[in-house]
Amino acid sequence: MPMHPAAPEDLSGLVDAYTQTAQAIVDLAFPCTDRDFDKPTECPGWTVKDQLSHIVSAESMLMGRPDPQVEVPDHPHLHSELNRAIEAGVELRRPRPGSEVVAELQTVVNRRLGQLRDLRDNEPEDLDSVMIEMPPGPMPLLKALRVRVNDLWCHEQDIRAALGRPGNLDSLAAATFCQTVMDALPMIVVRRAGVPTGRVVMIELTGPVVARTGVRVEEGEDGRPHGSLMFSGGTDETGPIPVIGKTTSIQISTEAFTRRAAGRRATSELHYSVHGDDEVARRVLDALVITP
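All figures in this text were calculated on a predicted structure; none of them were measured in a lab. (Residues numbered from 1 in each chain as written. Predicted model: local features only at pLDDT ≥ 70, side-chain atom pairs only at ≥ 80, totals over all residues. Heavy atoms only, no water.)

1. Observations regarding the packing of aromatic side chains
Right, on to step 1. With the rule as written, the count across this model stands at 1 aromatic pair.
Right, on to step 2. Centroid distance Trp153 to Phe177: 5.4 Å. Interplanar angle 45 degrees. Geometry classified as tilted. Of this pair, Trp153 sits in helix α6 (residues 141–163) while Phe177 sits in helix α7 (residues 172–183), placing them 24 residues apart in sequence.
Right, on to step 3. A relative accessible area of 1% places Trp153 in the buried class. (Phe/Tyr/Trp six-rings, centres within 6.5 Å; stacked < 30°, edge-to-face > 60°. Helix = DSSP H or I, 4+ residues; strand = E, 2+ residues; numbered from the N terminus. Buried < 20%, exposed > 50% of the residue type's maximum accessible area, 1.4 Å probe, protein only.)

2. Quick look at the nonpolar core
Across soluble globular proteins, nonpolar side chains show a tendency to be buried alongside one another.
Right, on to step 1. Formed by 77 residues in total, the largest nonpolar core has its most connected members in Leu52, Leu105, Ile203, Leu205, Ile252, Phe257 and Val284.
Right, on to step 2. The element contributing the most residues to this core is α6, with 11 residues.
Right, on to step 3. Aside from chain neighbours lying at most four places away, what touches Phe257 is Cys178, Val181, Met182, Ile203, Leu205, Ile252 and Leu288. (Core = buried A, V, L, I, M, F, W, Y, C linked by side-chain atoms within 4.5 Å. Contact = heavy atoms within 4.5 Å.)

3. Side note on the sheet that holds strand β9 (residues 272–275)
Right, on to step 1. Spatial strand order, β5-β4-β3-β8-β9: 5 strands in an open sheet with mixed pairing. Here the strands that pair on one side only, and so sit at the sheet edges, are β5 (225–230) and β9. Strand-to-strand twist across the sheet, computed as the mean angle between neighbouring axes with direction ignored, equals 20 degrees.
Right, on to step 2. Pairing between strand β4 (residues 210–219) and β5: 6 bridges, direction antiparallel. Note that in β5 the partner of Glu219 across the bridge is Pro225.
Right, on to step 3. Where α7 meets the sheet, it contacts β3 (199–206), β4 and β5, and its direction lies at approximately 175 degrees from that of β3. (Pairing = 2+ DSSP bridges. Axes fitted to C-alpha atoms, helices over the stretch in contact; angles between N-to-C directions.)

4. Brief notes about the layout of surface pockets
Right, on to step 1. If you add up the space inside the largest pocket, you get close to 1300 Å³.
Right, on to step 2. Taken together, 42 residues form the lining of the largest pocket, with His54, Leu82, Ile86, Asp151 and Pro292 sitting closest to its centre.
Right, on to step 3. Those elements giving two or more residues to the lining of the largest pocket turn out to be α3 (48–62), α4 (81–93), α6 and α7.
Right, on to step 4. Looking at side-chain class alone, the lining of the largest pocket contains 25 nonpolar, 12 polar and 5 charged residues.
Right, on to step 5. Taken as a whole, the second largest pocket spans an internal volume of roughly 410 Å³.
Right, on to step 6. Met3, Ala7, Gln179, Thr180 and Asp183 are the residues nearest the centre of the second largest pocket, which is lined by 22 residues in total.
Right, on to step 7. Contributing elements (two or more residues each) for the lining of the second largest pocket: α6, α7 and β4.
Right, on to step 8. If you tally residues by element for the lining of the second largest pocket, the top one is α7, at 5 residues.
Right, on to step 9. For the lining of the second largest pocket, the class distribution of residues is 11 nonpolar, 6 polar and 5 charged. (1 Å grid on protein atoms, 1.4 Å probe; cavity = no way out; pocket = protein on both sides within 12 Å on 5 of 7 lines; lining within 4 Å. Points joined across faces, edges and corners; volume = space filled by probe spheres on them. Nonpolar A, V, L, I, M, F, W, Y, C, P; charged D, E, K, R; others polar.)

Laid out in structure tokens, this is it:
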């Protein structure tokens, strides 16, 4: 079945997703107490205040106002140079009170959303030619917006889980994150999970974002396993795909699916149901993480 709600693909829709998520984070942050700021989140090593600090740092950088250099200690949750680079903005703000970080967040978000609205209202004729400087390197505008929507929404959910304030699991940004994971399924199923040729893996999201898709593993021209992405009704862009071989179907909620894809929860902590091979399902869910 098609994803519902559908993930936005155009500039206007992505700006809307960005705006809704950024404003939700500000709304969550504003009433936080010192005790709230210190609550640990499912993002390893980060408190609620650390999450807000990261968002401020990332959005400031995108506005061309990068943080000053700061030395980052060897925290146990840092496992790569990318993690260390991301941590710098958090480390810079650790001595500051949470209320000060929230004030900075409000200012940065207002300015950033103003930039994005101006961009939307004066949309360039050739969007593919507009490049945005991102931490891994320059990206086309729409791709960069999807990356930032995914990151913002993921951290919004981190904050919500820590504060016990669930929400926005049916938002445009939630659909964007789910679509990103679904698009990566062929790589996840074949390369990471090592599902053998002749198998089919289906994933059904039971809501609030609802979708059903999967991957058929077949032998490619090079003799190696290749994943064909299956869409609504078991079809791809060329027409119906006959479901052959052994099929494993995983039914899982939006919340459990996205928390696993964000690397926040282990497969053993999830509630899901399987029709087919339990071991294949576990391997796919173990391999589902798409965040750095």
